[in-house]
Structure formats: C-alpha cells, structure tokens
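Report on the structure
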Amino acid sequence: MQTFSGLVSILTVFLWLGGNLVSPLRPICDLRVLDHFVREARDSEVIMRGCRGGCGVMKSYFVPLTSVDFAVWEHMDVTGQAVEVQTGLSLLDQALSNAMKTVSNSPLTSALDNNISNIHSLGQILHSLDLQQARSTVLPDDSAPASAQTQEVSSLPELLQVQSSFLRGKVRLLLSAAPACQRQNS
C-alpha cells in the first residue's frame, strides 16, 4: 500500500508541474545575458591592465576576426553566420584556455576561467536557438596556420580585447537576428 501511495504522490507532482520536466530547451533571446558576458570580458581587460606579476607569457594566439562586412553578413544565411560565430567562440575558448595555463596571478586566472565558462554558456545559448546544427571548424592548436576568418594576436591583452569585440559584434548580430527569437517576439 505504501508503494501505491508513493507512486500516486510522484504522479501528482508530475501533473502539478505540468510535464515541464521533459519540455524542449527554450530559446534564450534576452540580450542582457550577452551584455553581462561583455561586461565580464571588459572587467578581465581591466584586471589585465592592473596585473603586475604572473600575468602570462608573451605568446601568439589565433582568434576570430572581429570586423563585420555588413553587406556580406546580411546576405549570409543564418547557418553560415552561426558557423562563423561558433568557430569564433571555439577559437576564443582554445586561446583563453591556453593563455590561462601561462598565468599565475589569481585574480586574472579567475577572470579567464570565468570568460571560458561564459564562452561555453554562449555555446549553450546557440544550442537553445537551434543553431547548434551549424558545427564549427576549429584549428587543431595555436600553432596552426591562420585561415581567412582568423587573425593572430601576440599578447593576452590583445586576446581579451578581441574577445570583447567579438561578443559585441558578431555574437550580438547573430543572437539579435536568430529565427527562434524573431518567432518569440512575434
């Protein structure tokens, strides 16, 4: 009898929740989330400028181009835009992870770790917008030759500046025009 009442209790909870436990991932279209990530990227730049020791070694990193040719971008389909953004996020993740290995300054390490987490969160946001089917192509490591969509930077401050610009530029453009967000706003 206890088993039956326990089962009824569990079923009641499921009914009360309305079956939301198995609902698909809802799109995240609020650009304030991105604005938060941009602020944290800028905070990392400030921490880097104030860093006096253990701030990493001078090293080259391949990062995405941040400039946007609006005529080309607007004629690109959303899948192409998503591939470009996903590839850029992967490059930034790779570069930030490699940079973090050279840093011993605790506040800077913490800021870089937070930036990497934010990059992963942006990947999840893209996934929620059904843009994940647009798989990125990532260079195997920082010693790989640059492609037409990458640039090489030679310091951590440059890397952090590129991250901030990329988030404010291409990522914002993609998220603000994502079809799932357009349907949600209708």
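As the structure is a computational prediction, the values presented were derived from the model and not from experiment.

Topic: the overall build of the protein chain
A count of helical and extended segments in the protein chain gives 7 helices and 2 strands. Across the 186 residues in the protein chain, those meeting the buried criterion constitute 38%. Summarising the internal contacts of the protein chain: among those between residues at least 6 apart in sequence, 88% fall at separations of at least 24. Accessible surface computed for the protein chain: about 10,500 Å², of which carbon and sulfur atoms make up 58%.

Here's the deal with the nonpolar core
Membership of the largest hydrophobic core comes to 39 residues, with the highest contact counts inside it found for Leu89, Leu122, Leu156, Leu159, Leu167 and Val171. Put simply, the parts of the chain that give this core at least two residues each are helix H2 (31-50), strand E1 (61-64), helix H4 (78-100), helix H5 (106-128), helix H6 (156-177) and helix H7 (179-185). A total of 9 residues in this core trace back to one element, the largest contributor, which is H6. Ignoring any residue separated from it by four or fewer positions in sequence, one finds Leu156 in contact with Met48, Cys55, Tyr61, Ala99, Val103, Leu108 and Leu112.

Digging into the state of the cysteines
Throughout the structure, instances matching the rule amount to 1 disulfide. Disulfide pairing is shown between Cys51 and Cys55; the S-S distance is 1.7 Å. Where Cys51 bonds to Cys55 through sulfur, the torsion about that S-S bond is close to -100°, and the disulfide is left-handed. Each member of the pair, Cys51 as well as Cys55, is classed as buried.

Observations regarding the pattern of salt bridges
If the charged atoms of two oppositely charged side chains come close together, the side chains can form a pair. A full pass over the atoms with the stated rule returns 3 salt bridges. Measuring nitrogen to oxygen at the nearest pair gives 2.6 Å for the salt bridge that ties Asp30 to Arg32. Salt-bridge contacts for Asp35 lead to Arg172; the nearest nitrogen and oxygen are separated by 2.0 Å. You can see Asp35 sitting in helix H2 and its partner Arg172 sitting in helix H6, a full 137 residues away along the chain. Since its relative accessible area comes to 26%, Asp35 is described here as partly exposed. Among the residues examined, Arg172 registers a relative accessible area of 24% and is labelled partly exposed.

Observations concerning H6
For H6, spanning 22 residues, the distance from its first C-alpha to its last is 31 Å, which sits close to the expected 32 Å at 1.5 Å a residue. Maximal helix bending in H6 amounts to about 35°, located at Val171.

Observations regarding the environment of Arg32
If you trace the backbone, Arg32 turns up in helix H2. A relative accessible area of 60% means that Arg32 is categorised as exposed. Polar contacts involving the side chain of Arg32 include one to the side chain of Asp30, which spans 2.6 Å.

Details of H5
Between the first and last C-alpha of H5 there are 33 Å, a value that for 23 residues agrees with the 33 Å anticipated at 1.5 Å per step. Inspection of H5 places Leu108, Ala111, Leu112, Asn115, Ile116, Asn118, Ile119, Leu122, Gly123, Ile125, Leu126 and Ser128 among the buried residues, and these make up the whole buried set. Contacts from the buried residues of H5 go to H2, H4 and H6. You can read the cap of H5 off the contacts: a side-chain oxygen lies 3.0 Å from the backbone nitrogen of Leu108, and it is on Asn105. Once H5 ends, the next one or two residues include Asp130, with phi positive near 60°.

Here's the deal with the side chain of Glu45
Mapped onto the elements of the fold, Glu45 is located in helix H2. When neighbours within four sequence positions are excluded, Glu45 is seen to be in contact with Leu160, Gln161 and Ser164.

Comments concerning the packing of H5 against H6
Put simply, H5 and H6 touch, their axes get as near as 13 Å, and they point 20° apart. If you check the angle between H5 and H6, you find them roughly parallel. Read as a crossing pair, H5 and H6 show a hand that is left-handed. Facing H5, whose interface residues are Leu108, Leu112, Asn115, Ile119, Leu122, Ile125 and Leu126, H6 presents Leu156, Leu160, Gln163, Leu167, Val171, Leu174 and Leu175. Here the contact of H5 with H6 is composed, by residue class, of 12 nonpolar, 2 polar and no charged.

What counts, and at which threshold
- Position labels on residues start from 1 in each chain and follow its written sequence.
- In keeping with the predicted nature of the model, local features appear solely for residues at pLDDT of at least 70, side-chain atom pairs appear and are counted solely at 80 or more, and the whole-chain, interface and lining totals rest on all residues.
- Working from all heavy atoms in the structure, the side-chain values ignore hydrogens and water.
- Helix and strand assignments follow DSSP, with helices taken as H or I runs no shorter than four residues and strands as E runs no shorter than two, numbered in order from the N terminus.
- Buried, partly exposed and exposed residues are distinguished by accessible area as a fraction of the type maximum, computed with a 1.4 Å probe on protein chains only: under 20%, between the cut-offs, and over 50%, respectively.
- Residue contacts are defined here by distance: any two heavy atoms, one from each residue, within 4.5 Å place the two residues in contact.
- Per-residue accessibility takes into account occlusion by the displayed protein chains alone, with areas from the Shrake-Rupley method and a 1.4 Å probe.
- By nonpolar core we mean a set of buried residues, namely Ala, Val, Leu, Ile, Met, Phe, Trp, Tyr and Cys, connected to one another through side-chain atoms within 4.5 Å.
- Disulfides are defined in this document as cysteine sulfur pairs within 2.5 Å.
- Each reported salt bridge corresponds to a side-chain nitrogen of Lys or Arg within 4 Å of a carboxyl oxygen of Asp or Glu.
- Any helix carries an expected span of 1.5 Å times its number of residues minus one.
- Fitting one axis to the seven residues ending at a residue and another to the seven starting there, the bend at that residue is the angle between the two axes.
- Under this definition, polar contacts are N or O atom pairs within 3.5 Å; protein pairs additionally need one hydrogen-donor-capable and one acceptor-capable atom, and for neighbouring residues in sequence, both atoms have to be side-chain atoms.
- Think of each axis as a best-fit line through the C-alpha atoms, taken over the contacting stretch in the case of a helix, with angles from 0 to 180 degrees between the N-to-C directions.
- The labels follow the angle: roughly parallel below 35 degrees, roughly antiparallel above 145, roughly perpendicular from 65 to 115, and oblique for the rest.
- For any helix crossing, the convention is left-handed if the near helix is rotated counterclockwise from the far helix by under a right angle, and right-handed if that rotation is clockwise.
- Charged residues are taken to be Asp, Glu, Lys and Arg, nonpolar residues to be Ala, Val, Leu, Ile, Met, Phe, Trp, Tyr, Cys and Pro, and polar residues to be all remaining types, Gly included.

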